[in-house]
Amino acid sequence: MNKIDQISFFGFEAESAEQPAQPAKASKSVSPPAKAVIPADVVAVVPEAVHLEDVPLPEVPAAAPLVAQASDPEAMAQALAQHPDYRVLRRLVPRTDYGPVNGQATQRVIVLDTETTGLDSKSEKVIELAMLSVLVDTASGLPVGPVTVYESFEDPGRPIPPQITEITGIDDSMVQCQRIDDAAVNALVQAADLVVAHNAGFDRPFVEARFPVFAAKAWGCSFQGIDWKKEGSGSAKLEFLASERGWFYDAHRAQVDCHALLQVLSSTLADGQTGLTRLLAGAGQTRFKLRAMGAPFESKDKLKARGYRWDGEGRVWWCSLASDTLLSAECDWLREEVYGRRNARVQVEALDSRVQYSNRSGQLSERAV
């Protein structure tokens, strides 16, 4: 199930860019223009999401004449990719081996995804678990060696809701009498240095409730742990991130989502680091949950614009901060902009990587602002 649809990322989502495709003139070297019949593993986008068979072949620059035939989709895709009005997406191919390990320093990362019967980890159940376990070269941030793949269904003991089947394609017959192998999961997790999920705040509570071994491990979140907006992305949704890198895939199944995430995190960010490097570095850092206790009602618009979220149960505005430096700066902002330099105290919850994204509390303290 697409957990990301339930939350926003830094207050933004990708905007719809549906525009009618404009037919392109056929190249003078091809007469008359023929409609291409292309397998499903190549998609041409005009400029965002139009299948190749819906448009005539484009005119390409003279430096790269169009010689591809319908029987050679890769050549045709390469020709289209050279035209400024087209973007080519290729079907993502899962990788199960990233080449030899040559004795370099590595850390083992598990990329994880779940499919569940619903959103509430306290009342819903895991119906599918997928994990990719791979070594990451700590110098380059790239995966190395073979990928260990684990995937299994589990019978939740009750009918799967129709809306979940519609999203995931998993029905009752697929999970009947199935059970995830506890010993196999424990062995993989115990050997890992970091567990990564795209929206770990969803997946971690579910797997911890089922497998206590996850509670002792450091976790990273590729959704919240990387500022994708700052990286220039229009959305933090996994399908969108893959599309930006030239891939499409059949989403909403656990294993293919894991393969897509691993390849997205293996690509470089704006600073030249990979996403894996960024998450491994963050595993040693403590994040802080800051609660602006007693914030005046009239400050709610400022807090919301600043990125604070409203906790209806605790009746308090809160935000998450990645370092003590940011925490100090945020307290200064609250003193000036929210509390008007009046004496006030805020609550701070320190969350290390073994507590982040779980349902367990971190270390609580209060701070004067």
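Residues numbered from 1 in each chain as written. Predicted model: local features only at pLDDT ≥ 70, side-chain atom pairs only at ≥ 80, totals over all residues. Heavy atoms only, no water.

Caption draft 1: Summary view of the overall build of the protein. Broken down by element type, the protein carries 10 helices and 13 strands. Sorting the 369 residues of the protein into buried and exposed places 46% on the buried side. Nonlocal contacts in the protein, meaning residues at least 24 apart in sequence, comprise 68% of its contacts between residues at least 6 apart. (Helix = DSSP H or I, 4+ residues; strand = E, 2+ residues; numbered from the N terminus. Buried < 20%, exposed > 50% of the residue type's maximum accessible area, 1.4 Å probe, protein only. Contact = heavy atoms within 4.5 Å.)

Caption draft 2: Highlighting the nonpolar core. By size, the foremost hydrophobic cluster in this structure holds 57 residues, and its most contacted members are Leu112, Leu129, Met131, Val185, Phe214 and Trp219. For Trp219, the contacting residues outside a window of four places in its chain are Leu112, Leu194, Val195, Ala197, Ala200, Arg204, Val207, Phe214, Ser353, Gln356 and Tyr357. Core analysis: the second largest hydrophobic core is formed by 19 residues, Cys331, Trp333, Ala344 and Val348 among them. (Core = buried A, V, L, I, M, F, W, Y, C linked by side-chain atoms within 4.5 Å.)

Caption draft 3: Local environment of the packing of aromatic side chains. For the structure shown, the criterion picks out five aromatic pairs. Taken together, a centroid distance of 6.2 Å and an interplanar angle of 70° make the contact between Phe211 and Phe214 edge-to-face. You can call Phe211 buried: its relative accessible area is 3%. Ring centres of Tyr308 and Trp333 lie 6.2 Å apart, and the angle between their planes is 25°; on these two criteria the pair is classed as stacked. Placement of the pair is Tyr308 in the loop between helix H9 (300-306) and strand S10 (309-311) and Trp333 in helix H10 (residues 324-337), with a sequence separation of 25 residues. For Trp333, a relative accessible area of 16% puts it in the buried group. Here the aromatic residues Phe211, Phe214 and Trp219 are joined through ring pairs into a cluster of three or more. (Phe/Tyr/Trp six-rings, centres within 6.5 Å; stacked < 30°, edge-to-face > 60°.)

Caption draft 4: Main features of the sheet that holds strand S13 (residues 363-368). Taking strand neighbours across the sheet as the criterion, the five strands line up as S10-S11-S9-S12-S13 in an open arrangement whose pairing is antiparallel. Across the chains shown, the open sheet's two edge strands, defined by having one partner strand only, are S10 and S13. Taken pair by pair, the neighbouring strands of this sheet meet at an average axis angle of 30°, ignoring direction. As defined by bridge partners, strand S12 (residues 345-351) adjoins S13 across six bridges and the pair is classed as antiparallel. Paired with Ala350 across the strands is Gln363, a residue of S13. Most of the contacts of H10 go to strand S9 (residues 287-292), to which it runs at about 15°, and overall it touches S9, strand S11 (316-321), S12 and S13. (Pairing = 2+ DSSP bridges. Axes fitted to C-alpha atoms, helices over the stretch in contact; angles between N-to-C directions.)

Caption draft 5: Structural detail: the sheet that holds strand S6 (residues 194-197). Taken together, the five strands give an open sheet; going across it, the order is S5-S4-S3-S6-S7, and neighbouring strands pair in mixed fashion. At either end of the open sheet lies a strand with only one pairing partner, and these are strand S5 (143-153) and strand S7 (219-221). Each neighbouring strand pair of the sheet contributes to a mean axis angle of 25°, computed without reference to strand direction. Pairing geometry for strand S3 (residues 106-116) and S6, over three bridges, is parallel. Among the inter-strand pairings, Val109 is bridged to a residue of S6, identified as Leu194. Where helix H7 (residues 254-266) meets the sheet, its contacts fall on S3, strand S4 (126-137), S5 and S6, and the angle it forms with S3 comes to roughly 140°.

Caption draft 6: Looking closely at the pairing of S12. Counted residue by residue, S12 has five buried out of seven residues, so it is predominantly covered. Of the pairings in the sheet, the one linking S9 to S12 comprises five bridges and is antiparallel in character. In the sheet register, Arg287 faces S12, and the bridge partner there is Leu351.

Caption draft 7: Fine view of the pattern of salt bridges. With the rule as written, the count across this model stands at 20 salt bridges. Where Arg210 meets Asp182, a salt bridge forms, and the shortest distance between an N and an O atom there is 3.0 Å. Note that Arg210 is positioned in helix H5 (residues 200-210) and Asp182 in helix H4 (residues 182-190), a separation of 28 residues in sequence. Overall, the relative accessible area of 18% leaves Arg210 in the buried class. For Asp182, a relative accessible area of 27% gives the class partly exposed. For Lys302, the salt bridge is made with Glu337, and the minimal N-O distance between the two is 3.1 Å. You can see Lys302 sitting in helix H9 and its partner Glu337 sitting in helix H10, a full 35 residues away along the chain. Within this structure, Glu154, Arg179, Asp182 and Arg210 form a network of salt bridges that share partners. (Salt bridge = Lys/Arg side-chain N within 4 Å of Asp/Glu carboxyl O.)

Caption draft 8: Fine view of unusual backbone geometry. The phi dihedral of Cys177 falls on the positive side, at around 65°, and the residue is not glycine. One can find Cys177 in the loop between helix H3 (172-175) and H4. Take Cys177: its relative accessible area is 72%, and that puts it in the exposed class.

Caption draft 9: Structural context of helix H1 (residues 73-81). All of the buried residues along H1 are Met76, Ala77, Ala79 and Leu80. The buried residues of H1 occupy an angular sector of 160° when the element is viewed end-on, so they sit on one face. (Arc of directions from axis to C-beta.)

By themselves, these figures tell us nothing about what the structure is for.
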